[in-house]
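# Tertiary structure, described
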Amino acid sequence: MPTVLITGATSGLGRHIAFELVRSGYVVLAHGRDRERTDQLVTELRAEGGEAHGFVADLASLARVRRLAEEVAAAHPRLDVLVNNAGVGAGPRGAGREVSVDGHELRLAVNYLAPVALTRALLPTLRASAPSRVVNVGSAGQEPLDFDDPELTRGYGGVSAYCRSKFALAAHTFALAEELAGSGVSVNVLHPATYMDTAMVREAGVSPWSTVADGAAAVLALVTQESGTGRYFDGTSPARAHTEAYDRDVRKRLEATTDQLLGP
């Protein structure tokens, strides 16, 4: 049975795809931030007759992200799919700048630095399990980083912070796909659906436009089907990310900035 790790699996999109995949015969490794909610999810997934295991980590801590990778790799030496789904939205309108455990701007930390760190730490496992897949849940909302102020210390706005983190994730996806060419590990990024009915969207004061099921169909397609690598999808349709996400100079600057922020 193929094994999939889903971050942010205890609610919204992550929860929906966890149930769909466990019913399809996948071994589901469900990540959550809260122990009680994660354990409850695993109980419910097992009640579907499938195999599921829970992992708890605060993705706002890079040390905890790396420990999560160690725990997953030790318990499950085969990993067919990594779904980097967990994220922080733009927040309530007018909310101020927040920082992670490590002092990084929170949206950049959780939406970008955490999936990069987790993917890098799990690459040996993904390579050993090839053909394998990394599915990054991004957004159509993308705004290039200001490399002179990547953590948005000046003129902070939640929407801008969110869009910058998702731009970085898309650009990183394309760079990583090139790096892993020929390895059997594919890496793709998608905008699942616009304003899904999730806590993230409701917190921002936005009326949902689409259902979680709408977005789940797009994620499930990338998890279960061969879709190439280094691609961006809007729902289930191939699309184009922000133009600058394809710029090699931008990606080189992003990589240097990322390495600096991630530290040793």
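Below is a short write-up of the structure. Not measured: the values here are computed from a predicted model. (Residues numbered from 1 in each chain as written. Predicted model: local features only at pLDDT ≥ 70, side-chain atom pairs only at ≥ 80, totals over all residues. Heavy atoms only, no water.)

Taken together, eight strands build an open sheet; the order of strands is β3-β2-β1-β4-β5-β6-β7-β8 and the sheet is mixed. Looking at which strands have only one partner, the edges of the open sheet turn out to be β3 (52-56) and β8 (237-239). Each adjacent strand pair in this sheet contributes to an overall mean axis angle of 25 degrees, direction not counted. Of the pairings in the sheet, the one linking strand β6 (residues 185-191) to strand β7 (residues 232-234) comprises three bridges and is parallel in character. Within β7, the position partnered with Leu190 by the bridge is Phe233. Helix-sheet contacts for helix α3 (residues 62-75) involve β1 (3-6), β2 (27-32) and β3, and the interaxial angle to β3 is about 155 degrees. (Pairing = 2+ DSSP bridges. Helix = DSSP H or I, 4+ residues; strand = E, 2+ residues; numbered from the N terminus. Axes fitted to C-alpha atoms, helices over the stretch in contact; angles between N-to-C directions. Contact = heavy atoms within 4.5 Å.)

Leu5, Leu59, Tyr112, Leu118 and Leu122 are the most contacted members of the largest nonpolar core, which totals 50 residues. Only β2, α3, α4 (106-128), α5 (158-179), β6 and α8 (248-262) provide two or more residues apiece to this core. Not counting residues up to four positions away in its chain, the partners in contact with Leu5 are Leu29, His31, Val72, Leu79, Val81, Leu82, Val83, Leu118 and Leu122. Listed in part, the 29 residues of the second largest apolar core include Ala9, Val22, Leu45 and Ala218. (Core = buried A, V, L, I, M, F, W, Y, C linked by side-chain atoms within 4.5 Å. Buried < 20%, exposed > 50% of the residue type's maximum accessible area, 1.4 Å probe, protein only.)

Glancing now at the packing of α4 against α5. At a minimum axis separation of 7 Å, α4 and α5 run at an interaxial angle of 20 degrees. Classified by the angle their axes make, α4 and α5 are roughly parallel. When the axes of α4 and α5 are compared, the crossing they make is right-handed. Only Gly158, Ala161, Tyr162, Ser165, Lys166, Ala168, Leu169, His172 and Leu176 of α5 make contact with α4, whose side of the interface consists of Arg107, Leu108, Asn111, Tyr112, Pro115, Val116, Thr119 and Leu123. Looking at the contact of α4 with α5 residue by residue, the classes come out as 10 nonpolar, five polar and two charged. (Parallel < 35°, antiparallel > 145°, perpendicular 65-115°, else oblique. Left-handed = near helix turned anticlockwise from the far one by under 90°. Nonpolar A, V, L, I, M, F, W, Y, C, P; charged D, E, K, R; others polar.)

What follows concerns the packing of aromatic side chains. Inspection of every chain in the model, using the stated rule, returns one aromatic pair. Relative to Tyr246, the ring of Phe174 lies with its centre 4.6 Å away and its plane at 10 degrees, an arrangement referred to as stacked. Note that Phe174 is positioned in helix α5 and Tyr246 in the loop between β8 and α8, a separation of 72 residues in sequence. With relative accessibility at 3%, the residue Phe174 sits in the buried group. (Phe/Tyr/Trp six-rings, centres within 6.5 Å; stacked < 30°, edge-to-face > 60°.)

As a further point, take the side chain of Glu105. Tracing the backbone shows Glu105 in the loop between β4 (81-84) and α4. Despite its burial, Glu105 pairs with no opposite charge, the nearest such side chain being Arg107 at 4.2 Å. A polar atom in the side chain of Glu105 sits 2.9 Å from the backbone nitrogen of Leu108. Among all residues touching Glu105, those that are not within four sequence positions of it are Arg97, Glu98, Val99, Glu151, Tyr156 and Ala161. (Lys, Arg positive; Asp, Glu negative; His and termini not counted. Salt bridge = Lys/Arg side-chain N within 4 Å of Asp/Glu carboxyl O. Polar contact = N/O pair within 3.5 Å; in protein donor to acceptor, adjacent residues only side chain to side chain.)

What follows deals with the pairing of β1. What you see with β1 is no split at all: Thr3 and Leu5 on one side and Val4 and Ile6 on the other are buried throughout. Pairing of β1 with β2 involves four bridges; the strand directions are parallel. Note that in β2 the partner of Thr3 across the bridge is Val27.

Right, let's get into α4. The end-to-end C-alpha distance of α4, which contains 23 residues, comes to 32 Å, matching closely the 33 Å that a straight helix rising 1.5 Å per residue would cover. Considering bend angle alone, the principal kink of α4 is centred on Leu122 and spans about 50 degrees; proline Pro124 follows within four residues of it. Of the residues that open α4, the one with a side-chain oxygen 3.0 Å from the backbone nitrogen of Arg107 is Glu105. (Expected span 1.5 Å × (residues − 1). Bend = angle between axes of the 7 residues up to and from the residue.)

In this section: α8. Across its 15 residues, α8 extends 21 Å between first and last C-alpha, which sits within 8% of the 21 Å expected from 1.5 Å per residue. Of the surrounding secondary structure, the elements contacted by the buried residues of α8 are α3, α4 and α5. Where α8 begins, the capping side chain belongs to Asp247, and its oxygen is found 2.8 Å from the backbone nitrogen of Asp249. Positioned one or two residues after α8, Gly263 has a phi angle of 70 degrees, which is positive.

The values are spatial; any link to function lies outside them.
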